[in-house]
Amino acid sequence: MGENPKLRPVETQWVRHNGQPAILLKDRLGLSQQAVIVPQALVPLLPLCDGTRDIRTLRLAYELRTGIPLSISVVENLVAGLEQAILLEGSRFKAAYQLALDEYRGAAFRPMALAGQVYPAEPSALTEQLESYRQASGLPQTNLKSGLSQLSEVRGLVSPHIDFARGGPIYAEVWSLAVEAARKADLVLVFGTDHQSGNPGLTLTKQS
């Protein structure tokens, strides 16, 4: 546990725990599957964990801001839970981050993060699901199998960024115009929405 705990950027969600309001903290990068539930009364401690205060100063700052006395053990337990869940900056986070980065770069391809959740992981089941969107759109069956000839040349395609369940018919209409061009292309560049890159706003990968 570092002397001056600094909270990393985390996902937050208000929940009810044991009938009381609390905030749920999760790692945005997925380095840890653990989550930390912080009771509403202790939420003011979180912004104080900015790397400028040790445990005792955190307790004092909390009491000055809220007027509520707090024991050192409560602060220690909260910080220990954040550290265990890799939600604090420091050596534990750096080691977990480097391990995840090495595994990612060493993989033969970029794994599909949402397979089996947002769409089927089994190829045949996924094909069936995609075909159902074509049927829902009312397009002829030949569109997605052999392509359309309306567009003689396709340089790029703008497709919605939304889950298949809601955007499926639109995907079917858009890709029916470009499927043959995609099959014939020597090189395809895919630009996807990047949720996790931070300030640069762009993450590049050589992986398929």
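Above: the structure in question.
Figured I'd write up the structure that's included with this text. Note that the structure is a prediction, hence the values are computed from the model and not measured.

## Quick word on the sheet that holds strand S3 (residues 35-39)
Then step 1. A sheet is described by the order of its strands in space; here 3 strands give the open sequence S1-S2-S3, paired in antiparallel fashion. One side of each edge strand has no neighbouring strand; the edge strands of this open sheet are strand S1 (10-17) and S3. The average angle at which neighbouring strand axes cross in this sheet is 30°, direction not considered.
Then step 2. When S1 meets strand S2 (residues 20-27), the two strands line up antiparallel, connected through 8 bridges. Directly across from Trp 14, in S2, lies its bridge partner Ile 23.

## Some thoughts on helix H2 (residues 72-84)
Then step 1. Between the first and last C-alpha of H2 there are 18 Å, a value that for 13 residues agrees with the 18 Å anticipated at 1.5 Å per step.
Then step 2. Within H2, burial applies to Val 75, Leu 78, Val 79, Leu 82 and Glu 83. Axial view of H2: buried residues confined to an arc of 135°, hence all on one face.
Then step 3. The elements touched by buried residues of H2 are S2, S3, helix H1 (55-66) and helix H3 (91-106).

Scoring rules and cut-offs
- Residues numbered from 1 in each chain as written.
- Predicted model: local features only at pLDDT ≥ 70, side-chain atom pairs only at ≥ 80, totals over all residues.
- Heavy atoms only, no water.
- Pairing = 2+ DSSP bridges.
- Helix = DSSP H or I, 4+ residues; strand = E, 2+ residues; numbered from the N terminus.
- Axes fitted to C-alpha atoms, helices over the stretch in contact; angles between N-to-C directions.
- Expected span 1.5 Å × (residues − 1).
- Buried < 20%, exposed > 50% of the residue type's maximum accessible area, 1.4 Å probe, protein only.
- Arc of directions from axis to C-beta.
- Contact = heavy atoms within 4.5 Å.

By themselves these figures say nothing about function.
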